[in-house]
Amino acid sequence: VIGEIFDRVYHEGGTTQNTNVQTTLIPAGGSSIVEFKAEVPGTPVIGFPRGAGVLAERYARETGVDAVGCDTTAPLAWIKDRLQTLVPVQGNLDPVLLVAGGAALDRRVETILASLGSGPFIFNLGHGILPETPIDHVARLVHLVRAGSA
């Protein structure tokens, strides 16, 4: 069993995003995680601070999560250098690429696996499968991940 907590930073323009992360997301996320771990001891928790940007590092350090889900805006080099050294990471394929399929999907999956696959890593989408995603594209993704992580 793995618990996953989805935290979202609402973009309100300017620097409001950073303020929200520091004043609402991290304290509330940390509090929720502490409560969850007390209720279900031993269960790993993946936090998904969507939209947190570079403050995802602080989120990883201060909330007590066991892993961090990364959205599609997080650069792979930054994830590897700043987050994956702290906790396992999950992500960050753009769900729109999964809808599109083809060579672009193949290249991005290869790039993500090459960048993050040697560290603690869970391949996942940056945020959910879109309803219009063709099932054969999902099958292709599963094949690519299995082949690339072997």
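Look up a bit, the structure's there.
Per chain, residues are indexed from 1 in the order of the written sequence. The model is predicted, so local features are restricted to residues of pLDDT at least 70 and side-chain atom pairs to those at 80 or more, both for listing and for counting; the totals for chains, interfaces and linings are taken over all residues. To get the side-chain values, take all heavy atoms of the structure and skip hydrogens and water.

### Details of the overall build of the protein chain
Link 1 in the chain: Along the backbone of the protein chain there are 6 helices and 5 strands.
Link 2 in the chain: Across the protein chain, helices and strands are ordered from the amino to the carboxyl terminus as β-α-β-α-β-α-β-α-α-β-α.
Link 3 in the chain: By residue count, 42% of the 150 residues in the protein chain fall in the buried class.
Link 4 in the chain: At a minimum sequence separation of 6, the contacts of the protein chain that also span at least 24 residues come to 60%.
Link 5 in the chain: Computed by Shrake-Rupley with a 1.4 Å probe, the accessible areas treat only the displayed protein chains as cover when residues are assessed. For the protein chain, the computed accessible surface area is about 8000 Å², with 56% contributed by carbon and sulfur atoms. Segments assigned H or I by DSSP are reported as helices when at least four residues long, segments assigned E as strands when at least two residues long, and all are numbered from the N terminus. Think of it in three bands: with a 1.4 Å probe and only protein chains considered, a residue is buried below 20% of the maximum accessible area for its type, exposed above 50%, and partly exposed in between. Note on contacts: a residue pair qualifies if any of its non-hydrogen atoms lie within 4.5 Å across the two residues.

### Overview of unusual backbone geometry
Most peptide bonds take the trans configuration, and most residues that are not glycine carry a negative phi.
Link 1 in the chain: With an omega of -20°, the peptide bond between glycine 91 and asparagine 92 qualifies as cis.
Link 2 in the chain: Summarising the element assignment, asparagine 92 is placed in strand E4 (residues 89-93).

### Things to note about the packing of helix H5 (residues 102-116) against helix H6 (residues 135-148)
Link 1 in the chain: Angular values range over 0 to 180 degrees, each being the angle between N-to-C directions of two axes fitted as lines to C-alpha atoms, with helices fitted over their stretch in contact. Interaxial distance between H5 and H6 falls to 10 Å at its minimum, and their mutual angle equals 35°. Seen along the crossing, H5 lies across H6 with a hand that is right-handed. Contacts between H5 and H6 involve Leu105, Asp106, Val109 and Leu113 on the former and, on the latter, His137, Arg140, Leu141, Leu144, Val145 and Gly148.
Link 2 in the chain: As a working rule, the residues Ala, Val, Leu, Ile, Met, Phe, Trp, Tyr, Cys and Pro are called nonpolar, Asp, Glu, Lys and Arg charged, and the rest polar, with Gly in that last group. In the contact of H5 with H6, the residues fall into 6 nonpolar, 2 polar and 2 charged. The hand of a helix crossing depends on one turn: near helix anticlockwise from the far one by less than a right angle means left-handed, and clockwise means right-handed.

### Examining the pattern of salt bridges
Link 1 in the chain: Salt bridges are identified by distance alone: a Lys or Arg side-chain nitrogen within 4 Å of an Asp or Glu carboxyl oxygen. Under the criterion given, the structure shown has 4 salt bridges.
Link 2 in the chain: Measuring nitrogen to oxygen at the nearest pair gives 2.7 Å for the salt bridge that ties arginine 58 to glutamate 62. Note that arginine 58 and glutamate 62 are positioned in helix H2 (residues 56-62) at a spacing of 4 residues, about one turn of the helix.
Link 3 in the chain: According to the relative accessible area criterion, glutamate 62 is partly exposed, its value standing at 45%.
Link 4 in the chain: Three or more residues joined by partner-sharing salt bridges are found here, namely Glu57, Arg61 and Arg82.

### Observations regarding the packing of helix H3 (residues 76-83) against H5
Link 1 in the chain: The interhelical angle for the contact between H3 and H5, taken along N-to-C directions, is 20°, at an axis separation of 9 Å. On the basis of the axis angle, H3 is roughly parallel to H5. Note that H3 runs across H5; the crossing there is right-handed. Each of Leu76, Ile79 and Lys80 in H3 lies in contact with H5, whose residues at this interface are Arg108, Thr111, Ile112, Ser115 and Leu116.
Link 2 in the chain: Of the residues that constitute the contact of H3 with H5, the class distribution is 4 nonpolar, 2 polar and 2 charged. These descriptions rest on fixed angle ranges, namely under 35 degrees for roughly parallel, over 145 for roughly antiparallel, 65 to 115 for roughly perpendicular, and the rest for oblique.

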